Amino acid sequence: MRCTIRRLLIAAALLIAALPPLAAYAADLPALVRGLGVSNYDELDKAIAKLAETGDPAVAPVLEALQAGDLNLRKSDGAVVVAKRAGSGWDLFDPLTGAALGPAERSAVERIRINNALRRSLGAALGALTLMSPDPAVRRSAAEAVFKSRDPAGIEILDRAIAKETDAGIRTAMQRARAAAVLNTDAPEAEKLAAIEIIAARGDRDGLGLLNTVVNATAPDAVKAAAREAIGAIEHRLALWAAAQNLWYGLSLGSVLLLAAIGLAVTFGVMGVINMAHGEMVMIGAYSTFMVQEMFRAYAPGLFDLSILVALPVAFVVAGGIGIIIERGIIRWLYGRPLETLLATWGLSLMLQQAVRSLFGPSNREVGAPSWMSGAFELGGLTITYGRLWIVVFAFAVFAALLVALRRTSFGLQIRAVTQNRRMASAMGIRTPQVDALTFGLGSGIAGLAGVALSQIDNVSPNLGQGYIIDSFMVVVFGGVGNLWGTLVGALTLGTINKFLEPYAGAVLGKILVLIFIILFIQRRPRGLFALRGRAVEA
Amino acid sequence: QDTIKVGILHSLSGTMAISETTLKDVMLMLVEEQNKKGGVLGKKLEAVVVDPASNWPLFAEKARELLTKDKVAAVFGCWTSVSRKSVLPVFEELNGLLFYPVQYEGEESSRNVFYTGAAPNQQAIPAVDYLAEKEKVQRWVLAGTDYVYPRTTNKILEAYLKSKGVKSEDILINYTPFGHADWQSIVADIKKFGSAGKKTAVVSTINGDANVPFYKELGNQGIKATDIPVVAFSVGEEELAGIDTKPLIGHLAAWNYFQSVSTPENEDFIKKWQAFTKNPKRVTNDPMEAHVIGFNMWVKAVEKAGTTAPDAVIDSIIGVSVPNLSGGYSAMMPNHHITKPVLIGEVQDNGQFDIVSKTPGLVVGDEWSDYLPDSKDLISDWRAPMSCGNFNVKTGKCGGKGT
Amino acid sequence: MTDPLLYLDGVSVSFDGFKALNNLSLMIDPGELRAIIGPNGAGKTTMMDVITGKTRPDHGTVMFEGNTDLTKLKESTIANLGIGRKFQRPTVFEHHTVLDNLELALKNPRGVFSGLFYKVSEEDRKRIEELLDITKLSPKRDVVAGGLAHGEKQWLEIGMLLAQDPKLLLVDEPVAGMTDAETEQTAHLLRAISGKHSVIVVEHDMVFVRELGVKVTVLHEGSMLAEGSLDTVSANQQVIDVYLGR
Amino acid sequence: MLDVSGIDLHYGAAQALRKVSMTAEPGKVTCVLGRNGVGKTSLLKAIMGLHPTSGGAVTWEGTPVTKLPPYERARRGMAIVPQGREVFPLMSVRENLQTGFAPIPRSARTVPDEVFELFPVLKSMLDRRGGDLSGGQQQQLAIGRALVTRPRLLVLDEPTEGIQPSIIKDIGRAIGYLRDKGTMAIVLVEQYFEFARDLADQFVVMERGEVMMAGAKADLEEGEVRKFLTV
Amino acid sequence: MLTRFLLAGLDTKAWVLLSVLAVLAVAVPFMALAVPPTSPWSLSMLTVTLLGKYFCYALLALSLDLVWGYCGILSLGHGAFFALGGYAMGMYLMRQIGSRGVYGNAELPDFMVFLNWKELPWYWHGFDMFPFAALMVVLIPGVLAFAFGWFAFRSRVTGVYLSIITQAMTFALLLAFFRNDMGFGGNNGLTDFKEILGYDIQAPATRAGLFVATVVALAIGYILASAVVSSKYGKVLVAVRDAESRVRFLGYDVEKVKLFAWTLSACMAGVAGALYVPQVGIINPSEFSPAASIEAVIWVAVGGRGTLAGAVLGAVIVNYGKTWFTGVLPEVWLFALGGLFVLVTLFLPKGILGLAGDLRQRLAARRSRAAAGSNAAKEATAP
Ligand SMILES: Nc1ncnc2c1ncn2[C@@H]1O[C@H](COP(=O)(O)OP(=O)(O)OP(=O)(O)O)[C@@H](O)[C@H]1O
Ligand SMILES: Nc1ncnc2c1ncn2[C@@H]1O[C@H](COP(=O)(O)OP(=O)(O)OP(=O)(O)O)[C@@H](O)[C@H]1O
Ligand SMILES: [Mg+2]
Ligand SMILES: [Mg+2]
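Residues numbered from 1 in each chain as written. Chains lettered and ligands numbered in written order. Predicted model: local features only at pLDDT ≥ 70, side-chain atom pairs only at ≥ 80, totals over all residues. Heavy atoms only, no water.

Scanning chain E from terminus to terminus reveals 15 helices and four strands. Compactness check: chain E gives a C-alpha radius of gyration of 22 Å against a globular reference of 21 Å for 383 residues, within 12% of the reference. Structurally, chain E occupies a C-alpha span of about 80 × 60 × 50 Å along its principal axes. Burial analysis of chain E (383 residues in total) assigns 63% to the buried set. For chain E, restricting intrachain contacts to residue pairs at least 6 apart in sequence, the fraction spanning at least 24 positions comes to 76%. Working note: accessible area of chain E is about 13500 Å², and carbon and sulfur atoms make up 70% of it. (Helix = DSSP H or I, 4+ residues; strand = E, 2+ residues; numbered from the N terminus. Rg over C-alpha atoms; globule rule 2.2 N^0.38 Å. Buried < 20%, exposed > 50% of the residue type's maximum accessible area, 1.4 Å probe, protein only. Contact = heavy atoms within 4.5 Å. Areas by Shrake-Rupley, 256 points an atom, 1.4 Å probe, with all protein chains shown as cover.)

With that settled, the discussion passes to the overall build of chain C. Broken down by element type, chain C carries ten helices and ten strands. Computed over the C-alpha atoms, the radius of gyration of chain C is 18 Å, within 12% of the 18 Å expected from 2.2 N^0.38 for a compact globule of 246 residues. When the backbone C-alpha atoms are referred to their principal axes, chain C occupies close to 55 × 40 × 40 Å. Across the 246 residues that make up chain C, the buried fraction comes to 59%. Within chain C, residue pairs in contact and separated by at least 24 positions form 66% of the contacts whose partners lie at least 6 positions apart. Total accessible area on chain C stands at roughly 9700 Å², and carbon and sulfur atoms take up 51% of it. Side-chain charges of chain C comprise 26 positive and 35 negative groups, with the mean position of each set lying 3 Å from the other. (Lys, Arg positive; Asp, Glu negative; His and termini not counted. Charge placed at Lys NZ, Arg CZ, Asp CG, Glu CD.)

Residue and element names in this part refer to chain A. The contact between helix 11 (residues 221-270) and helix 19 (residues 466-479) brings their axes to 8 Å, and the two run at 70°. By the angle between their axes, helix 11 is roughly perpendicular relative to helix 19. Contacts between helix 11 and helix 19 involve Val256, Leu257, Ala260, Ala261, Leu264, Ala265 and Phe268 from the former and Tyr468, Asp471, Ser472, Phe473, Val475, Val476 and Val477 from the latter. Partitioned by chemical class, the residues of the contact of helix 11 with helix 19 number twelve nonpolar, one polar and one charged. (Axes fitted to C-alpha atoms, helices over the stretch in contact; angles between N-to-C directions. Parallel < 35°, antiparallel > 145°, perpendicular 65-115°, else oblique. Nonpolar A, V, L, I, M, F, W, Y, C, P; charged D, E, K, R; others polar.)

Attention now goes to the side chain of Asn319 of chain E. Residue and element names in this part refer to chain E. With respect to the helices, strands and loops of the structure, Asn319 is situated in helix 13 (residues 308-328). The exposure class of Asn319 is buried, given its relative accessible area of 5%. Among the polar contacts made by the side chain of Asn319, one reaches the main-chain carbonyl oxygen of Ala315 at a distance of 2.8 Å. In this structure, Asn319 is in contact with Tyr54, Tyr57 and Trp299, ignoring residues within four places of it in sequence. (Polar contact = N/O pair within 3.5 Å; in protein donor to acceptor, adjacent residues only side chain to side chain.)

For the structure shown, the criterion picks out one disulfide over all chains. Paired by a disulfide, Cys388 of chain B and Cys398 of chain B hold their sulfur atoms 2.0 Å apart. Every disulfide takes its handedness from the sign of the S-S torsion; for Cys388 of chain B and Cys398 of chain B that torsion is 90°, giving right-handed. On the criterion of sequence distance, the pair formed by Cys388 of chain B in strand 18 (residues 388-392) and Cys398 of chain B in strand 19 (residues 397-398) is long-range, its members being ten residues apart. Taking relative accessible area as the criterion, Cys388 of chain B reaches 1% and is therefore assigned buried. Looking at Cys56 of chain E, it has no disulfide partner, and the nearest cysteine sulfur is the one in Cys267 of chain E, 16 Å off. In this structure Cys56 of chain E comes out as buried when scored by relative accessible area, which is 1%. (Disulfide = S-S within 2.5 Å.)

Looking now at the coordination of the magnesium ion (ligand 4). Residue and element names in this part refer to chain D. The coordination sphere of the magnesium ion (ligand 4) contains the protein donors Thr41 (OG1) and Gln83 (OE1), at a distance range of 1.8 to 2.1 Å. Of this pair, Thr41 sits in helix 1 (residues 40-48) while Gln83 sits in the loop between strand 6 (78-81) and helix 3 (93-98), placing them 42 residues apart in sequence. Classification of Thr41 as partly exposed rests on a relative accessible area of 24%. Judged by its relative accessible area of 14%, Gln83 falls in the buried class. (Donors = N, O, S within 2.8 Å, 3.2 Å for Na, K, Ca; no water.)

Sheet strands line up and pair through hydrogen bonds in the backbone, either parallel or antiparallel. All names here are of chain B. On the basis of which strands lie adjacent, the open sheet formed by three strands has the order 17-18-19 and antiparallel pairing. Of all the strands in the sheet, just strand 17 (378-381) and strand 19 have a single pairing partner and so form its edges. For strand 17 and strand 18, the ladder comprises three bridges, and the chain directions are antiparallel. Within the sheet, the bridge partner assigned to Leu378 lies in strand 18 and is Asn392. (Pairing = 2+ DSSP bridges.)

What follows covers the coordination of the magnesium ion (ligand 3). All names here are of chain C. Around the magnesium ion (ligand 3), the protein contributes the donor atoms Thr45 (OG1) and Gln88 (OE1), at 1.9 to 2.2 Å from the metal centre. Pair noted here: Thr45 is in helix 1 (residues 44-51) and Gln88 is in the loop between strand 6 (83-86) and helix 3 (98-105), with a separation of 43 residues, a long-range link. Across this residue pair, the class does not change: Thr45 and Gln88 are buried.

Right, let's talk about the nonpolar core for a bit. Within the largest apolar cluster, 456 residues are counted, with the highest numbers of intra-cluster contacts made by Leu36 of chain A, Trp298 of chain B together with Leu2 and Ile47 of chain D. For this core, the element with the most residues is helix 3 (residues 45-68) of chain E, which contributes 18 residues. Setting aside residues up to four positions removed in sequence, Leu2 of chain D forms contacts with Met22, Thr23, Ala24, Ile47, Val58, Thr59, Trp60, Met78, Leu153 and Val187 of chain D. Grouped together as the second largest cluster of nonpolar side chains are 48 residues, Cys31, Met125, Met184 and Leu199 of chain D included. (Core = buried A, V, L, I, M, F, W, Y, C linked by side-chain atoms within 4.5 Å.)

Quick look at the site of ligand 2 now. Around ligand 2 sit 20 residues, and of these Gly147 and Gly151 of chain C together with Lys40, Thr41 and Ser42 of chain D come closest. Near ligand 2, the surrounding residues belong to chains C and D. Between ligand 2 and the protein, one listed contact pairs an oxygen atom with a backbone N or O atom of Val38 of chain D at 3.2 Å. With the chains in place, 82% of the 630 Å² that ligand 2 exposes on its own is no longer accessible. Looking at the shell around ligand 2, the elements with two or more residues in it are helix 6 (150-164) of chain C together with helix 1 of chain D. Partitioned by chemical class, the residues of the shell around ligand 2 number five nonpolar, ten polar and five charged. (Near = heavy atom within 4 Å.)

Residues and elements named next belong to chain B. With respect to the helices, strands and loops of the structure, Asn285 is situated in the loop between helix 9 (264-276) and helix 10 (286-305). Residues Asn285 and Glu20, spaced 265 residues apart in sequence, show a C-alpha to C-alpha distance of 12 Å. Setting aside residues up to four positions removed in sequence, Asn285 forms contacts with Glu237, Glu238 and Tyr257.

If you look at the interface, chain A gives 47 residues, while chain B gives 52 residues. Carbon and sulfur atoms supply 44% of the area buried between chain A and chain B, which totals about 4000 Å² over both sides. Run the count over chain A and chain B and you get eight salt bridges. The partner of Arg111 of chain A in a salt bridge is Asp354 of chain B, and the shortest N-O contact between them spans 3.1 Å. Counting across the interface, chain A meets chain B through 21 residue pairs in polar contact (both at pLDDT 80 or more). Of all the secondary structure elements, the ones that give two or more residues to the side of chain A that touches chain B are helix 5 (116-129), helix 10 (205-216), helix 11, helix 14 (338-360), strand 7 (382-385) and helix 20 (484-524) of chain A. (Buried area = accessible area lost by both parts, 1.4 Å probe. Salt bridge = Lys/Arg side-chain N within 4 Å of Asp/Glu carboxyl O.)

Where the eight pairs of chains in contact are concerned, the greatest contact count is recorded for chains A and B. These two, chain B and chain C, are apart from each other, with no contact and a minimum C-alpha gap of 38 Å.

To continue, consider the confidence of the model for chain E. Residues and elements named next belong to chain E. Here chain E averages 88 in pLDDT, while 93% of its residues score no lower than 70. Long-range and interchain partners of residues 372-383, a stretch whose pLDDT sits below 50, account for 21 contacts in this model, where long-range means more than four residues apart. If you check the scores for this complex, the pTM reads 0.91 and the ipTM reads 0.91. (pLDDT = per-residue confidence, 0-100.)

Here is the structure:
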């Protein structure tokens, strides 16, 4: 029922949008807008339809305001207004003209609510209304919206839009939208076959979904056959990409593991401290991010996109600083008793968790994603989310930096000397207390950096660290303790294996299999992937 | 003895602290409020807080401690079935009272436990009905954490959907471990499943911490509610507080209460709660409401019985009805479950839910699901003379199948 | 001629391309005492590693008592065949007392259950006393070995080696860190046990080697450079060049 | 000039040094002799600060260093070749040598040529891990490493242990050469009496944690000294 | 011979501990059952159950100390053996419920009924018989440990590598037991037990009986462990801990040496788990969680690694602390417990039991130093 209404109204909208607006219609607009002031979703849907029927471009901002949840009902007179936050109350505007209507109390207006169905209607209506927009981005999303709504009535306007379109990419999008719509009509077989071809060329999931509906619906056999063939082709293509996609997932999971483990590769791998508080350092990094973002939210909301960049040094310094305090206060008394570091750091991790719980509360804290880390893009048949991409890049950058620091600087040399033989290093003139503190601080600081990245994909809660500590130890040990390359390869291997197992075995069994793999692997290589060999180790 | 002690058995540390700490606070507030009103039976209430630390045997130990050492009159606590199952024998042995405030899989009815959270029929089934009717969903992904609540709920839903004519190939069931953090493949799978040309929805029984990464991944992979809506049973205002909800607008949750319910009772409650926690942004959620209802029911029952003696309270509480926060009354039924309205909400960009549907009347919690073959013949009625938690209407005997 | 007790044939070992042993062959007769000398890094210790199963050779065979190929066996089996070893760096059980160190080394069944139900017999006690005397560790019998000075550890390890009563003793630099007088004693000791046992001694102390007065094998770059009495080999110009120096 | 006066040293309850005093001067080799376990190594540890002392004082170039940690002493020009080599096992020979850069100014951070002249084998094994070297090679590395810090006090604990005769001679020559430069004070612990006798300018003879005899080589009767080395 | 072997290992500490256990075994049931509840001497069931639980943990700690303290195998997965023993016992108890379950199914446990299992999986058979279940309690952990150890020790996996794969083992088991498809009740585990050996599991007398059984098991475990560690085999164990490869060159088969201790220890842990389950009333996969195993390690460390009495003491003290702190300091008890761990490491490096010995030694040192007229230097500052 609603479908037919929508189809009608879009048809009308499209027809009219093409014509110069008529004054007669314009006169009705305020009344129609007023008609939006209902609380029943079905009635609202009808009101939207009526409004869209006018085809007046002036309607678009009204519908956009409704979509964004800015449209309100003034309780005093039932007027439909746009309300913008102003202090503790609202500033009101006319939705059509944008004219200011003065301020209002907080409770003087009531938001006009929409649900998913209405969101779809709005998307379709706006799509049709904005196909001719001067803004290419708007036109592109309008074409996508029509593609999704697949409204046959859109064909005509699309034809016109296509004719006028200068941007090749947008034209393709429009053609696809048109093809989608054609498949939803009783158009002649030939036309449908051509449409299927266009959709098949799109070759993605959305195209697949569309073709599947063709197969499910009643259609001539030839069309169905063509659709099936196209589906086969798309599925084949997608299957090929699926392997690559899995590889990407593996890489991205691997880099999360790498990030989580890399700080531990310093504190545990290099220094030999069985650092059970490592996860809490990651957590501290995540909470530092939260704090930085709170500052931005409070003082510079416009620069929010930079918050993560600021959070990086902050997290490094905070976590590193806490690491240094821990080293000076506790760990330094325990060199030569590595097993006892387990006990002390376990106690520390309990205390740090509780401290964070007391300070920030037990529940999750919100860490937002900057715009450059949200969303996804398509690369061939791959869907790559920006967030993950940056995490991969970041993980490798941290790894490279650490590698250089440990292998190429005299500080790195001193770290290794101290960890291999503290007394002798001291006798060689190396300031061991300083080196110890800085090394532990470095490992903790890197864990803090990891926390910044992980805050983007996981809970920021006092339990954050607990989720990573076991995986981190697995990675470091699997790769071979004391070998940074091992940590890198270990993390990526485990990530990839996990992701290739998951589709077949399921997430739970997949994880079990990975663990069993680790156990068996260690039998083959009792000192990890990149084992140190020779008498130096066996002694 | 001039106070009446009330035990609060919620984890304040460990994995469950994230959810349960709030419930402890709400209980403290309720006790304080009640004392302002003069207490119960002329005595002040005294809250005894312990921390079972998300450790199941410790739950049992602490329950025993509360009942024997502190001699509390009632215990409000637990979250997740395993904690409840762990303390259940203790409450039965020592004849204590437990108010359990969280939604669960059903399939249980104990004389000593009052289930103020939702049974599957008070949450899952109405949610699925809503999607099928309003969103015309034909294909279903049942995604859950691998433990008993999702397993049972999905079993029930599967049976229910099939009874509605949904074909098996249109149902995808997926389980993940606790705390699952990497959702890339699964979200991609959902996308794939949703591209079969039929309207698809996800019914999520994903638990606890795993939700945040799940929703973050949904947002990143651009799964919009208008394409593939996700309806969740374990995601409330508290969970959303940790996520940027802008990409998630329109995804759904089914509960018996939302903070956005606009009734005077609720507004009053929110105000008190924010004042009590000294945090004007502090949110409320469904299990909190369950505790409010449960606590008020207990107070009323104690006053009715004139004593806190468990047996008397167990008898007097059945039929007690107290206002809930969504503008109606909830009543304790003979099966120790309560009546509740079912609300469906859509996520908003401010971390709240817009209520898009509400059952016209109250739904009675159904402890033994009608959609599971072995429980459909069972009923529970704790009133004399039946006084049985698993009465088999076929055989007419108490005790399951009765062999 | 009797069969050799130990027979190394064409043994080669390499580490990352570096040849530590290069086609080495060697024969030790029952009851023989043999001194092995050679520059640092010549492969002396590596040779012992091969014999005791610590290192697997790339090529070659190591035959013990005629027909047992040691290269296929694990360390404990080799030890139980009757090959004992003293390491270049003294390694003793630091948390055990001197007494316990010796007790563990005594030639007794090595199984788990014989260990569980073992009781020190009169014979064992006597033997331990004897060894304490030889090593002059009597006053330190109840000291944990970790607290011994370097030279004392050397002695303890010699004691443990004797306690095992092996057929073949491999002794790597026994007198390093010992005084001249002790060096002399050690030489006597080794001479005394040879005859009944075969002994291979590696040492750089020429005075000690002279004291032993036995056939000397010179290793260089993983293979044999010279063999003969000390006087013969020390006259060898090559040995002087690479080992003894001007 | 190194001045050790009245040092006590304990391992737990056991006393290893009792009121030990000695001196060492630049351009001279001071040789510490004594049987196994008399406390020679312990004395060196006390000098270098590798084990805390429980009494007495160590003075180096006029300043008391008793309370200073080893790295501070190294920065004041003290270096040790420890018993048991203690090379850094997982680091290459080159890196082992480079650890000696820590106490010296940035401009001086090169490995002195004399190290490779004395021990050519090190040059050919620069990239091998220290721990993989043979015992004697490690000993050479340990001496070389100490020389990298350009010490003014060199403390050697049985440097000939496990070394082939030709290199012992080289080490002897090296020590002689270092002494003859006149700027370095050398303390040498040795069991190998001939070697010690050839190099020493003065002797310290210990027994049971105490100094029994001390003095310039000329003042001491060789037989007397030997008496303390036999059993 | 066996008695001589067993008694040979007992020192004063052991006799003290055993006497305490003996007294408890008699006094606790008496005070709980016979003394009227009004008397100050009466013990509540809460205390009895708590003590029982602590002693189960003590037995676990003891088993862990055997491999960690004496053989140097830091097992981060000992909880797995404990849990397996517990599950074996839990399965027996589940079968004992019979038709008293909520669905009244005589054959299937409740969780199988409502997940539509049609018949009992094969691995559940036999657990209705106590002797079989009792055998499984030691056999299952024993066999797993044997197989695991056989491979790991032969491949010479040592140190942290061994620790981490034990952790991987318990983590894998955790995930596996979480799976409802495994047929062990998933996350909810096994619970709602009714009776054991025909006795009502909630009856005070049964509880007291279980307590006594636990004390006896602990005592036997203790005697056995001390006999083992004080035998020559025990010395070999310690030697393996300190210098594994050196032991090989003495002719000992290190693999076998380790395997025996490891398997024995796993069996002890299994028994501990089996006694634990009827007393706490639930077994669920969280017993497999790596954190649980790490906690056990920590009890040992707190009590004093390498001293059997220390392990027992540590388990009891830490768990008592936990009980106490979670009751009186529910909001901040982690600070207290965490702080305790940190302080113990810093100030009691040999654990609580090491304290006494340490004090004695330090005193002696100070005296001899004072005699030498020296100024004391801080021992710990050795860089
Ligand atoms: N694991 C290893 N990796 C690389 N090189 C090794 C390894 N083990 C031994 N080597 C090299 O093999 C050579 C032989 O070493 P070996 O210890 O056998 O010498 P050696 O004759 O005992 O010398 P020394 O008299 O100094 O003890 C040395 O050059 C050493 O550096
Ligand atoms: N770490 C230690 N702990 C306890 N006692 C020790 C320790 N190190 C040395 N000792 C004891 O202190 C005494 C002196 O030891 P030291 O190492 O100084 O002797 P040394 O003269 O160097 O002997 P050697 O010639 O054998 O090297 C010895 O009796 C030894 O047992
Ligand atoms: Mg050698
Ligand atoms: Mg020495």
